[in-house]
Amino acid sequence: MAIWIKPVNFNDFDVFAAYQNLDSFYWTKGRDDIKKGDEVFLYIAKPIQKIMFRTVCIADDVSSKDKDWEKDKPYYKKQDFNDHSEEVLNCVDLKLIQKCDDDRLSFGFLKKENMLHDFTFRYPISNKYSEKYHSLFQHIKTIFDEQNEIIQKIENETTELKGIDKLAYVKVRVNQTTFRDQLLAKYQKCCLCGIDEPKLLIASHIKPWSVSQDTEKLDSYNGLLFCPHHDKLFDLGLIGFDEQGKILISPKLEPHNQILLNLHEEMKIHVNEKHQHYLDFHRQNIFQVA
């Protein structure tokens, strides 16, 4: 079995939306000799510049004329793919195994640690042809395996817990992992009020751990950094956020408590399109409308 790193241009393919909605996705093959069973890590190019997806090739002889291609087409952003609908494109079908958002998989970190040599992620590479990047592939696999071990360990530790006890334990354990480190690096302060004392900041899931897929559990876009008050309000659904990040205040939170908590309708957090799937879940399932 070969291991690949395949670059993905986010301006061409909405890989985040694709793997939120689909188990597998057709990728144009080009000159890549990817075979069924090969492991393929996807590097997301600028502006993210990070390896974020672990996939496995489940078919290496598919094409853009197959019926399954139709479900994938909406995620191709470039109009070229639709304009040349008569052209037959050779593809591979890559099934999502794991998603990982870790700064140790960023271009900057890998370059600083001298793992890239002359590689710039412009073209795919594989251990099939060279041992030159052995340490790079080993590093990538280790980071993904570490995340998977964290998820499995927390799951095993909470099998006997239910309800509030499980929620509380998971929150404590998650705040001991790289998930919190990622959110601290990204926000440095409470997303809502600006408190910046690290000891007072909590990594809060948008879509709860208990209902998240494994690919979502430690996804930093499924998290916000809050002070204890705002973390509790968000968990209880007494506040939420719309698609632009503007605060939603539940009518179940009495006006005098809103004043005491210094909540007002002008409050807003910074969000982008990769948060939307999670925020929509929170609005539909956790936010207390009435």
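Scope of this entry: the structure provided in the associated data block. On a predicted model such as this, the values are computed, not experimentally measured, just so you know. (Residues numbered from 1 in each chain as written. Predicted model: local features only at pLDDT ≥ 70, side-chain atom pairs only at ≥ 80, totals over all residues. Heavy atoms only, no water.)

1. Considerations on the overall build of the chain
Step number 1: Helix and strand content of the chain: 11 helices and 10 strands.
Step number 2: Radius of gyration (C-alpha) of the chain: 21 Å, near the 19 Å computed for a compact globule of 290 residues.
Step number 3: Counting only C-alpha atoms, the chain reaches 65 × 40 × 35 Å along its principal axes.
Step number 4: In the chain, buried positions account for 50% of the 290 residues.
Step number 5: For the chain, the share of sequence-separated contacts (at least 6 apart) that also reach a separation of at least 24 residues comes to 71%.
Step number 6: Accessible surface computed for the chain: about 15000 Å², of which carbon and sulfur atoms make up 49%. (Helix = DSSP H or I, 4+ residues; strand = E, 2+ residues; numbered from the N terminus. Rg over C-alpha atoms; globule rule 2.2 N^0.38 Å. Buried < 20%, exposed > 50% of the residue type's maximum accessible area, 1.4 Å probe, protein only. Contact = heavy atoms within 4.5 Å. Areas by Shrake-Rupley, 256 points an atom, 1.4 Å probe, with all protein chains shown as cover.)

2. Remarks on the side chain of R173
Step number 1: Mapped onto the elements, R173 comes out in helix 6 (residues 163-174).
Step number 2: Side-chain polar atoms of R173 contact the side chain of E157, separated by 2.9 Å.
Step number 3: Here R173 is in contact with K153, I154 and E157, once residues within four sequence places are set aside. (Polar contact = N/O pair within 3.5 Å; in protein donor to acceptor, adjacent residues only side chain to side chain.)

3. Comments concerning the nonpolar core
Step number 1: With 67 residues, the main nonpolar core has V15, W27, L192 and F241 as its most contacted residues.
Step number 2: Core analysis: the second largest hydrophobic core is formed by 20 residues, I3, Y43, L116 and F144 among them. (Core = buried A, V, L, I, M, F, W, Y, C linked by side-chain atoms within 4.5 Å.)

4. A few points about helix 9 (residues 228-235)
Step number 1: When helix 9 is considered as a whole, its buried residues turn out to be H230, D231, L233 and F234. Down the axis of helix 9, the sector holding all buried residues measures 165°, keeping them to one side. Turned more than 90 degrees off the buried face of helix 9, the exposed positions are H229 and K232. (Arc of directions from axis to C-beta.)

5. Some words on the packing of aromatic side chains
Step number 1: Applying the stated criterion across every chain yields a total of 16 aromatic pairs.
Step number 2: When the centroid spacing of 5.5 Å and the interplanar angle of 80° are considered together, the rings of F10 and F16 count as edge-to-face. Comparing F10 with F16 shows no difference in burial state: the two are buried.
Step number 3: The interplanar angle of 65° and the centroid separation of 5.5 Å between the aromatic rings of F16 and F53 together place this pair among those described as edge-to-face. Of this pair, F16 sits in helix 1 (residues 15-21) while F53 sits in strand 4 (residues 50-63), and the two are 37 residues apart along the sequence.
Step number 4: What makes F16 buried here is its relative accessible area of 5%.
Step number 5: On the accessibility criterion, F53 (1% relative accessible area) is buried.
Step number 6: In textbook terms, an aromatic cluster arises when at least three aromatic residues are bridged by ring pairs, as seen for F10, F13, F16, Y19, F25, W27, F53, Y75, Y76 and Y221.
Step number 7: The side chain of K207 reaches across the aromatic face of F281, ending 5.1 Å from its centre.
Step number 8: The positively charged end of K217 is found above the aromatic ring belonging to W209, 5.5 Å away from the centroid. (Phe/Tyr/Trp six-rings, centres within 6.5 Å; stacked < 30°, edge-to-face > 60°. Lys NZ or Arg CZ within 6 Å of the ring centre and 35° of its normal.)

6. Points about the state of the cysteines
Step number 1: Across all of its chains, the model carries 0 disulfides by this definition.
Step number 2: Here C193 is not disulfide-linked; the sulfur of C190 is the nearest cysteine sulfur, at 3.5 Å.
Step number 3: Looking at the unpaired C227, the closest cysteine sulfur is the one in C193, lying at 3.8 Å. (Disulfide = S-S within 2.5 Å.)

7. Observations concerning the pattern of salt bridges
It is possible for side chains of opposite charge to pair when their charged atoms get near one another.
Step number 1: A full pass over the atoms with the stated rule returns 18 salt bridges.
Step number 2: As a salt-bridge pair, E155 and K217 come within 3.4 Å of each other at their nearest N and O atoms. Taken together, the residues E155 in helix 5 (residues 134-157) and K217 in helix 8 (residues 214-217) connect sequence positions 62 residues apart.
Step number 3: On the basis of relative accessibility, which here comes to 5%, the residue K217 falls in the buried class.
Step number 4: Several salt bridges converge on common partners, so that one network encompasses E39, R54, K141 and D145. (Salt bridge = Lys/Arg side-chain N within 4 Å of Asp/Glu carboxyl O.)

8. Description of the packing of helix 5 against helix 6
Step number 1: At a closest axis distance of 10 Å, the pairing of helix 5 and helix 6 adopts a crossing angle of 150°. Regarding the angle of helix 5 to helix 6, the classification is roughly antiparallel. For the pair helix 5 and helix 6, the sense of crossing is right-handed. The segment helix 5 lies against helix 6, with K153, I154 and E157 engaging Y169, V170, R173 and V174.
Step number 2: Here the residues of the contact of helix 5 with helix 6 sort into 4 nonpolar, no polar and 3 charged. (Axes fitted to C-alpha atoms, helices over the stretch in contact; angles between N-to-C directions. Parallel < 35°, antiparallel > 145°, perpendicular 65-115°, else oblique. Left-handed = near helix turned anticlockwise from the far one by under 90°. Nonpolar A, V, L, I, M, F, W, Y, C, P; charged D, E, K, R; others polar.)

9. What to know about the pairing of strand 8 (residues 223-226)
Step number 1: With burial as the criterion, each face of strand 8 is covered, one bearing G223 and L225 and the other bearing L224 and F226.
Step number 2: The pairing of strand 7 (residues 202-205) with strand 8 spans 4 bridges and is antiparallel. Bridging across to strand 8, S204 finds its partner in L224. (Pairing = 2+ DSSP bridges.)

Purely geometric numbers; function is a separate question.
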